[in-house]
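# Observations on the model geometry
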Amino acid sequence: MAVASRNFNNAEDDDLDVDQTAQSIQDQLQQYKLTTFDATRFAGFTNDNDSVLNHVQKGYQQAADIAIDLEQLGESEEAQKLLESVTICIDAEHELSTQKMIFQQLANRIQRGEAINDPVAAYNQFLQREQAKYRAMSAKKKYYTNRKFEDFRQAIWDVNHGTDEPMPPYVAPGEVETADDDDDLMVSQGRRSMKCPLTGTWLEDPVTSKLCAHSFSRNAIMGLIRSHRGRAECPMTGCHKVLDQNALYDDTMLERSVERAMEEDRLRTEQTEFFDVE
């Protein structure tokens, strides 16, 4: 009986030790918070996002190149199918950009000294809120007034219509355009400039900002950024986004549009000179 009693008491002590240990761990977790040193690690997450975003950007360009080739071959229906698939890239880009924004916001909160003891829960809370906002947006807001969607359409349109003929607003299959759509389709009314706002000449090796969608000749904007020690405010009037090298991507779709516009301009000049001689 004495042995049994001792064993029972030991078991009770063990249970008590386990409970105390669990409570101690719980207390430590509640008191734990990420430090400013931990905040610097979020840069690794944002770098990973940038890497994947670059692949998405390349996906846009490759799809546009294929669509242009299909349009030139008279396969307009196939080109349109690629246009519709651009929405998948837009969704992926938005998701990645949202994740990057959340990482940056969490890092900023930590650096300000805010107590964040469960970064996963904080991240998920941010992400779910932003995803709900995005799901609530109409297809027109998400896709049809998106700059990349419009550029993709423009690249296909220019194959058979040239750069002088205005491209009509996009109407999704099964939808009917109404007067109420004017505001939503405002972006569709304008063509991107083929001239660099810094040099005033044709865009050369164009790059576009991921932050504000403004485009520049590579050497011109990189010269501006270098002259401001690696970070410069966007030179477009009214835009205050701060650009660095990582904020720019090679815009090969725009480059092809510039090449077509230059060729059309050259042909017009030759025709004008011919008639002037006559």
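Let me sum up the structure you'll find in this document. The residue numbering used here restarts from 1 in each chain and proceeds along that chain's sequence as written. It should be noted that, the model being predicted, local features are given only for residues of pLDDT at least 70 and side-chain atom pairs only at 80 or more, the latter also being counted only at that level, while totals for whole chains, interfaces and linings use all residues. To obtain the side-chain values, all non-hydrogen atoms of the structure were included, while hydrogens and water were left out.

Here we take up the overall build of the protein chain. In DSSP terms, a helix is any run of H or I states spanning at least four residues, a strand is any run of E spanning at least two, and both are numbered starting from the N terminus. When you go through the protein chain residue by residue, the secondary structure sums to 8 helices and 5 strands. Taken from N to C terminus, the helices and strands of the protein chain fall in the order α-α-α-α-α-α-β-β-α-β-β-β-α. Per-residue accessibility, obtained with a 1.4 Å probe over protein chains only, is compared with the maximum for each type, and a residue is labelled buried under 20%, exposed over 50%, and partly exposed between these values. For the protein chain, buried positions account for 34% of its 278 residues. It only takes one pair of heavy atoms within 4.5 Å for two residues to be counted as in contact. Partitioning the contacts of the protein chain with sequence separation of at least 6, the portion at a separation of at least 24 is 61%. Each accessible area value is a Shrake-Rupley result obtained with a 1.4 Å probe; residue values ignore everything except the protein chains displayed when judging cover. As displayed, the protein chain has an accessible area near 17,200 Å², and 51% of this comes from carbon and sulfur atoms.

Bringing the packing of aromatic side chains into the picture now. Note on aromatic pairs: the rings of Phe, Tyr and Trp (six-membered ring only in Trp) are paired at centre separations within 6.5 Å, and the planes decide the class, stacked below 30 degrees, edge-to-face beyond 60, tilted for the rest. Tallied over the entire structure, the rule returns 5 aromatic pairs. When the ring of Y144 is compared with that of Y170, the centres are 4.8 Å apart and the planes differ by 50 degrees; the resulting orientation is tilted. Linking Y144 in helix α5 (residues 139–144) with Y170 in the loop between α6 (147–161) and β1 (206–209), this pair joins segments that are 26 residues apart in sequence. Residues F149 and Y170 carry aromatic rings whose centres are separated by 5.0 Å and whose planes lie at 75 degrees to one another, so their mutual orientation is edge-to-face. Of this pair, F149 sits in helix α6 while Y170 sits in the loop between α6 and β1, and the two are 21 residues apart along the sequence. For the pair F149 and Y170, one class covers both residues: buried.

What follows concerns the side chain of T98. Along the polypeptide, T98 turns up in helix α3 (residues 76–111). Within the local environment of T98, its side chain forms a polar contact with the backbone oxygen of H94, the two atoms lying 2.8 Å apart. T98 has contacts with L127 and E130, leaving out every residue within four places of it along the chain. Between N or O atoms, a polar contact is any pair within 3.5 Å; within protein, one atom must be a potential hydrogen donor and the other a potential acceptor, and residues adjacent in sequence are included only when both atoms are from side chains.

Here we take up the sheet that holds β1. When DSSP finds at least two bridges between two strands, those strands are taken to pair. Overall, antiparallel pairing links the 3 strands, which are arranged β2-β1-β5 in an open sheet. The open sheet terminates on both sides in strands that have one partner only, identified here as β2 (215–217) and β5 (248–250). On average, each strand axis in the sheet is tilted by 35 degrees relative to the strand beside it, whichever way the strands run. Inspection of the sheet shows β1 paired to β5 by 3 bridges, in the antiparallel sense. Bridge pairing links V207 to D250 in β5. Axis geometry follows a simple rule: fit a line to the C-alpha atoms, using only the stretch in contact for helices, then measure angles between N-to-C directions, giving values from 0 to 180 degrees.

Attention now goes to helix α7 (residues 218–227). When α7 is considered as a whole, its buried residues turn out to be I221, M222 and I225. Viewed along the axis of α7, the buried residues span an arc of 100 degrees, placing them on a single side of the element. In this structure, α7 carries N219, R226 and S227 as exposed residues pointing more than 90 degrees from its buried face. Where α7 is buried, its residues contact β1, β2, β3 (232–233), β4 (242–243) and β5. Downstream of α7 by a residue or two, R229 has a phi angle that is positive, lying close to 60 degrees. Note: the arc covers the axis-to-C-beta directions of the helix.

Quick look at the state of the cysteines now. The disulfide criterion is simple: two cysteine sulfur atoms within 2.5 Å. Going through the model one piece at a time under the given rule, you end up with 0 disulfides. Free of any disulfide, C234 has its nearest cysteine sulfur in C239, 3.7 Å distant.

Of all hydrophobic cores here, the largest spans 23 residues; its most connected members are I90, F149 and F152. Within the residue set of this core, elements represented by two or more residues are α2 (36–72), α3, α5 and α6. The dominant element in this core, judged by the number of residues it contributes, is α2, at 8 residues. Discounting residues that sit within four places of it in the chain, F152 has contacts with Y60, A63, A64, A67, L82, L83, V86 and M253. Only buried residues count toward a nonpolar core. Its members are Ala, Val, Leu, Ile, Met, Phe, Trp, Tyr and Cys residues joined through side-chain atoms within 4.5 Å. Core analysis: the next-biggest nonpolar cluster, separate from the first, contains 18 residues, M194, V207, F216 and L248 among them.

Running from N to C, α3 and helix α4 (residues 119–136) cross one another at 140 degrees; their axes reach a closest spacing of 10 Å. The angle between α3 and α4 falls in the class oblique. Relative to α4, the crossing made by α3 is right-handed. Side by side, α3 and α4 meet where I90, D91, H94, E95, T98, Q99, M101, I102, F103, Q105, L106 and R109 of the first sit next to P119, A122, Y123, F126, L127, E130, Q131 and Y134 of the second. Note on residue categories: nonpolar means Ala, Val, Leu, Ile, Met, Phe, Trp, Tyr, Cys or Pro, charged means Asp, Glu, Lys or Arg, and polar means any other residue, Gly included. Looking at side-chain class alone, the contact of α3 with α4 contains 11 nonpolar, 5 polar and 4 charged residues. Any angle from 65 to 115 degrees is called roughly perpendicular, while one under 35 is roughly parallel, one over 145 is roughly antiparallel, and all others are oblique. Less than a right angle of anticlockwise turn of the near helix away from the far helix marks a crossing as left-handed, whereas a clockwise turn marks it as right-handed.

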